[in-house]
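# Observations on the model geometry
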Number of protein chains: 2
Amino acid sequence: MTNIALDIMGGDFAPDCNIQGAFDALNADKDIRLLLVGPASVIKDKTSDWPEELKSRIETVEADEIIECDESPVSAVRHKKNSTITVGANIVKEGRAGAFISAGSSGAVLAAGQLIVGRLPGVKRPPLASMIPTAKGFSLFLDLGANVDAKAEWLCQFARMGSIYMEKVQHKASPSVKLVNLGVEEEKGNALTKEANAMLSQIPEINYEGFIESRDVIMGEADVIVADAFTGNAILKTMEGTLGFVMQVLKSVLKSGLLTKLAALMIMKPLKLKLKEFSASEQGGAMLLGLNGLVMKCHGNASRKDIANGILKSAGFIREDVCGLIREAFAKENSQNNTVE
Amino acid sequence: MTNIALDIMGGDFAPDCNIQGAFDALNADKDIRLLLVGPASVIKDKTSDWPEELKSRIETVEADEIIECDESPVSAVRHKKNSTITVGANIVKEGRAGAFISAGSSGAVLAAGQLIVGRLPGVKRPPLASMIPTAKGFSLFLDLGANVDAKAEWLCQFARMGSIYMEKVQHKASPSVKLVNLGVEEEKGNALTKEANAMLSQIPEINYEGFIESRDVIMGEADVIVADAFTGNAILKTMEGTLGFVMQVLKSVLKSGLLTKLAALMIMKPLKLKLKEFSASEQGGAMLLGLNGLVMKCHGNASRKDIANGILKSAGFIREDVCGLIREAFAKENSQNNTVE
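Per chain, the residues get numbers from 1 upward, laid out in the order the sequence is written. All chains are assigned letters beginning with A, and all ligands numbers beginning with 1, in the order in which they are written. In keeping with the predicted nature of the model, local features appear solely for residues at pLDDT of at least 70, side-chain atom pairs appear and are counted solely at 80 or more, and the whole-chain, interface and lining totals rest on all residues. With hydrogens and water set aside, each side-chain value is computed from the structure's full complement of heavy atoms.

Moving on, we come to the packing of aromatic side chains. For Phe, Tyr and Trp, rings pair up if their centres lie within 6.5 Å, where Trp contributes its six-membered ring, and each pair is then called stacked (planes under 30 degrees apart), edge-to-face (over 60) or tilted (otherwise). Within the structure shown, the criterion is met by four aromatic pairs over all chains. Note on Phe23 of chain A and Trp50 of chain A: the rings are 5.4 Å apart at their centroids and 65 degrees apart in plane angle, and the pair reads as edge-to-face. Here Trp50 of chain A lies in the loop between α2 (40-47) and α3 (52-55) and Phe23 of chain A lies in helix α1 (residues 16-28), a separation of 27 residues in the sequence. Each ring, one from Tyr165 of chain B and one from Phe317 of chain B, has its centre 6.0 Å from the other, and the planes form 35 degrees; the classification is tilted. Residue Tyr165 of chain B is found in helix α7 (residues 152-168), and its partner Phe317 of chain B is found in helix α11 (residues 304-319); the two are separated by 152 residues along the sequence. The buried category is assigned to Tyr165 of chain B, whose relative accessible area is 0%. For Arg160 of chain A, the ring lying beneath its charged end belongs to Phe330 of chain A, and the centroid distance is 4.3 Å. Runs of H or I in DSSP of at least four residues are treated as helices and runs of E of at least two as strands, each being numbered from the N terminus. A simple rule labels every residue: compare its accessible area, found with a 1.4 Å probe on the protein chains alone, to the largest value its type can have, and call it buried under 20%, exposed over 50%, or partly exposed in between. Both a distance and an angle decide whether a charge sits over a ring: NZ of Lys or CZ of Arg must be within 6 Å of the ring centre and within 35 degrees of the ring normal.

As structure tokens, this is what we get:
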């Protein structure tokens with residue numbers, strides 16, 4: 001059995017979407033066992049009509065506090081001992097599950113991952129990584145916001161962890177790696193990207209192909225795309241904002257006249273279908289890599305499908321033993337630098 | 001007369017688009033006088049059929065070398081003394097024109113601005129600023145790539161220069177200023193944005209409104225949007241890449257069936273018109289602010305219209321004496337820090 005802990009109370013549509021997503025995932029994969037983290041009364045109520053077979057694969061873990069998005073993450077994780085996020089992270093720390101999934105406060109999920117689950121030996125910083133949709137399929141993009149003021153050696157570790165994930169879980173042989181930069185010429189960049197570029201090209205374990213400009217990220221010009229957290233976050237959010245804006249413009253055009261209104265009726269359905277393809281839902285949430293287990297953060301507005309896919313993708317992560325592979329790869333790293341500065 | 005120097009040979013469609021843009025701008029604004037920089041024979045040939053009145057407002061400045069995009073910018077500017085970019089920058093330095101416009105090598109234009117035209121007293125770094133189209137109109141976005149590894153005090157100067165431009169040239173009273181960050185909460189950010197945020201809120205001359213997330217840049221949530229060059233460049237290029245990608249997706253949808261093909265015929269014209277609005281053409285190119293004159297870099301694929309608008313916008317910049325206002329605002333700055341490090 002693959003054991004996965006799920007925060008029942010995190011996200012805008014909790015607990016219903018979370019419970020429904022759990023139901024779908026348990027049906028889709030008979031080797032998954034879920035530890036549902038939240039108030040026992042809510043879980044009992046929401047799963048009361050489930051088939052016995054599904055009920056036999058869930059365990060209720062009582063947690064009656066919720067960390068709100070406006071709370072200070074570190075302080076909340078430390079003091080709200082009975083919050084779903086703190087309890088869920090502890091389940092992974094204790095080895096009772098290989099992954100913890102939450103759609104709750106991003107800051108608290110990241111903090112719980114680092115403070116409770118903890119880093120694998122040799123890992124300097126755990127990056128937040130996400131499979132992003134591109135013109136060519138999907139790329140793993142990291143770091144999306146976990147570690148600001150990055151050092152070049154952290155970026156090198158991100159590249160190695162990302163390569164392991166793409167190869168093992170996404171079955172991409174010799175995944176290409178690129179580093180986000182101002183331009184693709186070697187002499188361009190800031191101090192960080194110049195130093196990281198030189199270091200990345202010396203790592204035999206990865207297939208490093210040099211710089212990528214941010215405009216080419218969405219074109220899928222590499223399997224693993226590495227950036228510092230500030231830049232990665234800026235690019236991801238700019239993509240989101242631009243897509244949202246274009247949809248606004250398009251809607252206004254489609255409604256601007258009688259003929260285009262008729263055309264709109266014809267186009268909207270295939271367009272929505274196409275844009276659904278361009279959605280990260282099927283790939284699960286963002287993953288904090290390099291910890292003693294997987295911590296996955298689903299979007300705050302995660303749907304039933306998002307939660308289900310998060311669970312299914314986490315199962316793949318656990319079964320391929322990505323944590324074990326990262327542990328092995330980083331075993332010889334200098335652990336003296338392995339401290340929070 | 002407002003004197004403006006124009007690089008005739010820079011850009012993918014030079015010299016024809018450049019000459020045609022000059023023609024349009026001279027017709028649109030009778031108080032503009034252009035110094036056309038390039039091979040005299042080309043200029044003579046291309047303007048031979050112009051009306052005498054227009055000819056009376058151009059001056060040919062011989063420059064028979066071109067700096068290619070793959071040349072090292074600093075070295076090219078220093079050694080190709082007779083290149084259009086070097087000659088054009090010298091025209092501004094000598095006070096023969098208030099602005100120099102080029103669609104040639106970005107690196108060389110930036111280098112010529114800094115090395116030849118030179119900074120105003122007290123200005124620590126000249127940012128590259130551009131009017132970007134947003135859901136609400138236009139915002140001034142800077143720095144878009146001139147100064148990597150920025151310091152907080154540079155960002156403060158960018159905010160002040162940008163505010164002067166928006167107020168004087170774009171006639172926006174008390175323009176709002178925001179700083180790009182990971183999140184809008186005060187405790188979020190990297191070392192640079194945290195320091196800059198604290199400093200910006202202490203500047204009485206500007207209307208600073210705190211952080212902006214990159215997803216809201218395109219929504220036009222501030223008149224002046226400040227970022228370090230690496231982040232600014234990443235956001236701008238991500239917008240470009242995402243827009244390009246969406247157009248690809250949309251075209252594939254519109255062509256996917258007979259009905260949608262018919263719909264496409266109806267929709268493409270209004271859509272293209274709408275997207276044309278979402279184009280920076282009318283606002284001219286990117287401006288290097290804080291120099292002893294304006295240096296404007298037009299896109300490499302600048303059209304006739306882009307060049308004409310660049311000239312017209314430059315005239316506004318000169319007439320409002322933006323350089324004089326920046327000189328005045330920064331006169332009391334500590335000039336000891338005013339060195340290239």
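Now, onward.
Glancing now at the packing of helix α5 (residues 84-93) of chain B against helix α6 (residues 106-117) of chain B. All names here are of chain B. For the pair α5 and α6, the least separation of the axes is 9 Å and the interaxial angle reads 35 degrees. Judged by the sense of rotation from one axis to the other, the crossing of α5 with α6 is right-handed. Here α5 contributes Ile85, Thr86, Ala89, Asn90, Val92 and Lys93 to the contact with α6, which in turn contributes Ala108, Val109, Ala112, Ile116 and Val117. Only Asp, Glu, Lys and Arg are considered charged, only Ala, Val, Leu, Ile, Met, Phe, Trp, Tyr, Cys and Pro nonpolar, and every remaining residue, Gly among them, polar. The residue inventory of the contact of α5 with α6, partitioned by class, reads eight nonpolar, two polar and one charged. The axes are straight lines fitted to the C-alpha atoms, using for helices just the contacting stretch, and the angles between their N-to-C directions are given from 0 to 180°. Handedness of a crossing is defined here by the sense of rotation of the near helix relative to the far one, left-handed for an anticlockwise turn of less than a right angle and right-handed for a clockwise turn. Residue contacts follow a heavy-atom distance rule, with two residues in contact if any of their heavy atoms lie within 4.5 Å.

Another point: the confidence of the model for chain A. All names here are of chain A. Residue-level confidence of the predictor is what pLDDT reports, using numbers from 0 through 100. Of all residues in chain A, 90% attain a pLDDT of 70 or more, and the chain-wide mean is 91. For residues 336-341, every residue scores under 50 in pLDDT, and the model assigns this stretch 15 contacts once sequence neighbours within four places are set aside. Two numbers describe this predicted complex: its pTM, 0.90, and its ipTM, 0.88.

The next thing to look at is the pattern of salt bridges. Residues and elements named next belong to chain A. For salt bridges, the criterion is a side-chain nitrogen of Lys or Arg within 4 Å of an Asp or Glu carboxyl oxygen. Scanning the model with the defined rule gives 32 salt bridges over all chains in all. In this structure, the salt-bridge partner of Arg96 is Glu94, at a minimum N-O distance of 3.3 Å. A residue is classified by how much of its surface remains accessible, and Glu94, at 51% relative accessible area, is exposed. Overlapping salt bridges bring together Arg33, Glu59, Glu94 and Arg96 as one network.

This paragraph deals with the pairing of strand β4 (residues 99-102) of chain A. Residues and elements named next belong to chain A. Here β4 shows a buried face lined by Ala99 and Ile101 and a second buried face lined by Phe100 and Ser102. In terms of strand pairing, strand β1 (residues 2-7) meets β4 through three bridges, oriented parallel. The partner of Ile4 across the bridge, within β4, is Ala99. Each pair of strands is called paired provided DSSP finds at least two bridges between the two strands.

Our next topic: the sheet that holds strand β2 (residues 32-38) of chain B. Residues and elements named next belong to chain B. With mixed pairing, eleven strands are arranged side by side in an open sheet as β3-β2-β1-β4-β11-β10-β5-β6-β9-β7-β8. Two strands close off the open sheet at either side, each with one partner strand: β3 (58-62) and β8 (207-212). Across the sheet, the mean angle from the axis of one strand to that of its neighbour is 25 degrees, orientation sign disregarded. In this structure, strand β1 (residues 2-7) lies alongside β2, joined through six bridges in parallel fashion. Considered in β2, the bridge of Thr2 is made with Ile32. Along the sheet face, helix α1 (residues 16-28) touches β1, β2 and β3 and points at about 170 degrees away from the line of β2. Most of the contacts of α6 go to strand β11 (residues 294-297), to which it runs at about 175 degrees, and overall it touches β4 (99-102), β5 (128-134), β10 (286-288) and β11.

All names here are of chain A. Counting buried positions over the seven residues of strand β5 (residues 128-134) gives seven, a clear majority of the element. Taking every second residue as pointing to the same face, both faces of β5 are buried, with Leu128, Ser130, Ile132 and Thr134 on one and Ala129, Met131 and Pro133 on the other. Here β5 runs beside strand β10 (residues 286-288); their pairing, made up of two bridges, is antiparallel. Looking across to β10, one finds that Ala129 is bridged to Met287.

Now for the sheet that holds β4 of chain A. Residues and elements named next belong to chain A. The sheet built from eleven strands is open, its strands ordered β3-β2-β1-β4-β11-β10-β5-β6-β9-β7-β8 with mixed pairing. Taken across any chain shown, the strands that pair with only one partner, and hence form the sheet edges, are β3 (58-62) and β8 (207-212). Here the strands of the sheet are splayed against their neighbours by 25 degrees on average, with no regard to which way each runs. Of the pairings in the sheet, the one linking β4 to strand β11 (residues 294-297) comprises four bridges and is parallel in character. Across the sheet, residue Ser102 finds its bridge partner in β11, namely Lys297. Each of β2 (32-38) and β3 touches α2; the most contacted strand, β2, lies at about 130 degrees to it.

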